[in-house]
Amino acid sequence: DEIMKLKSRRVSSLFFLVVLMYMAMGHNMFGLPLPIVLENNPIMITVIQLVLSLVILVINKKFFINGFKSLFHGSPNMDTLVALGSLASFIYSIGVTVIMIISPDKSEHLLHELYFESAAMILVLITVGKMLEAISKGKTTNALKSLMKLAPKNAVVIRDGEEKTIPIEQVKVDDIF
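Residues numbered from 1 in each chain as written. Predicted model: local features only at pLDDT ≥ 70, side-chain atom pairs only at ≥ 80, totals over all residues. Heavy atoms only, no water.

Engineer: What am I meant to see in the overall build of the chain here?
Structural biologist: Counting its secondary structure elements, the chain contains six helices and two strands. Put simply, the chain runs from its N terminus to its C terminus through helices and strands in the order α-α-α-α-α-α-β-β. At 27 Å, the chain has a C-alpha radius of gyration far larger than the 16 Å of a compact globule built from 177 residues. Oriented by its inertia axes, the alpha-carbon framework of the chain measures out at about 95 × 35 × 20 Å. Within the span of the chain, comprising 177 residues, buried residues form 31% of the whole. For the chain, the share of sequence-separated contacts (at least 6 apart) that also reach a separation of at least 24 residues comes to 57%. Accessible surface for the chain amounts to roughly 11,500 Å². Of this, 67% is attributable to carbon and sulfur atoms. A gap of 6 Å separates the mean positions of the 17 positive and 15 negative side-chain charges of the chain. (Helix = DSSP H or I, 4+ residues; strand = E, 2+ residues; numbered from the N terminus. Rg over C-alpha atoms; globule rule 2.2 N^0.38 Å. Buried < 20%, exposed > 50% of the residue type's maximum accessible area, 1.4 Å probe, protein only. Contact = heavy atoms within 4.5 Å. Areas by Shrake-Rupley, 256 points an atom, 1.4 Å probe, with all protein chains shown as cover. Lys, Arg positive; Asp, Glu negative; His and termini not counted. Charge placed at Lys NZ, Arg CZ, Asp CG, Glu CD.)

Next comes the structure, spelled out in structure tokens:
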């Protein structure tokens, strides 16, 4: 059940992340074309990145719920670290977005100061890791169950100087078997 939930989160997160990465880095790193509507419009590109990363944050809200709950209980865990890292990137990028809106003349330069894709990437990579961990745990559990099935049902013990076959549940401490 957990694996299915994680797979669903992973698939939807990856979809939005690919689009986000294209918007954030595709045109600069790989020379991929942006839609004509977005060319020379850094504020619109920023708003689209904000929305896409927000969608990924909502899809992976479990990190924030578990992370901050454990932080407030005084026992932070890995989810706390993930939530704080992702939230820091997101909030910083919101601040840069506000500056871009206030000072449109600086928006082209500030476009490279956004970290929306980092906030989303942290969540997606950790989700993939948790899914792989859940799959591994499931396989380990199945292997242990298979080993348990191989356990003998009877034991041969020495009682009163002779060997007796008894159900394994009747073996006591200090029995010689």
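Engineer: Honestly, the environment of Val-55 in this entry has me stumped. Any pointers?
Structural biologist: If you trace the backbone, Val-55 turns up in helix α2 (residues 42–59). Each C-alpha atom of the pair Val-55 and Ala-120 lies 9.0 Å from the other, and the pair is 65 residues apart in sequence.

Engineer: How do you make sense of the pattern of salt bridges when you look at a structure like this?
Structural biologist: A side chain with one charge may pair with a side chain of the opposite charge, provided their charged atoms come close. Within this structure, the stated rule accounts for three salt bridges. The shortest N-O distance in the salt bridge between Lys-130 and Asp-79 comes to 3.0 Å. Of this pair, Lys-130 sits in helix α6 (residues 116–149) while Asp-79 sits in helix α4 (residues 78–102), and the two are 51 residues apart along the sequence. By relative accessible area, Asp-79 is classed as buried at 8%. Note that Glu-133 and Lys-137 form a salt bridge whose closest N and O atoms lie 3.8 Å from each other. Here Glu-133 pairs with Lys-137, and both are found in helix α6, just four residues apart, close to one helical turn. (Salt bridge = Lys/Arg side-chain N within 4 Å of Asp/Glu carboxyl O.)

Engineer: What's the story with unusual backbone geometry in this structure? I'm lost.
Structural biologist: Most peptide bonds are trans, and most residues other than glycine sit at a negative phi. Even without a glycine there, the phi angle at Asp-160 is positive, about 55 degrees. The topology assignment puts Asp-160 in the loop between β1 (154–159) and β2 (162–167).

Engineer: What exactly am I supposed to notice about α4 here?
Structural biologist: Since there are 3.6 residues in each turn of an α-helix, residues three or four apart along the chain are aligned in direction. Under the 1.5 Å per step criterion, the end-to-end length of α4 is 36 Å for 25 residues, consistent within 8% with the ideal 36 Å. Residues of α4 that are buried: Asp-79, Thr-80, Val-82, Ala-83, Ser-86, Ser-89, Phe-90, Ser-93, Val-96, Thr-97 and Met-100. As for α4, its buried residues are in contact with α2, α3 (61–72), α5 (107–110) and α6. (Expected span 1.5 Å × (residues − 1).)

Engineer: Sorry, what's going on with the packing of helix α1 (residues 2–29) against α2 here?
Structural biologist: To characterise two packed helices, one gives the angle between the axes of the helices and the distance between these axes. Two elements in contact, α1 and α2, have axes separated by 9 Å at closest approach and are oriented at 165 degrees. With respect to α2, the axis of α1 lies roughly antiparallel. For the pair α1 and α2, the sense of crossing is left-handed. Contacts from Arg-9, Ser-12, Ser-13, Phe-16, Leu-17, Val-19, Leu-20, Met-23 and Ala-24 in α1 reach Ile-45, Ile-48, Gln-49, Leu-52, Ser-53, Val-55, Ile-56 and Ile-59 in α2. For the contact of α1 with α2, the residue count by class is 12 nonpolar, four polar and one charged. (Axes fitted to C-alpha atoms, helices over the stretch in contact; angles between N-to-C directions. Parallel < 35°, antiparallel > 145°, perpendicular 65-115°, else oblique. Left-handed = near helix turned anticlockwise from the far one by under 90°. Nonpolar A, V, L, I, M, F, W, Y, C, P; charged D, E, K, R; others polar.)

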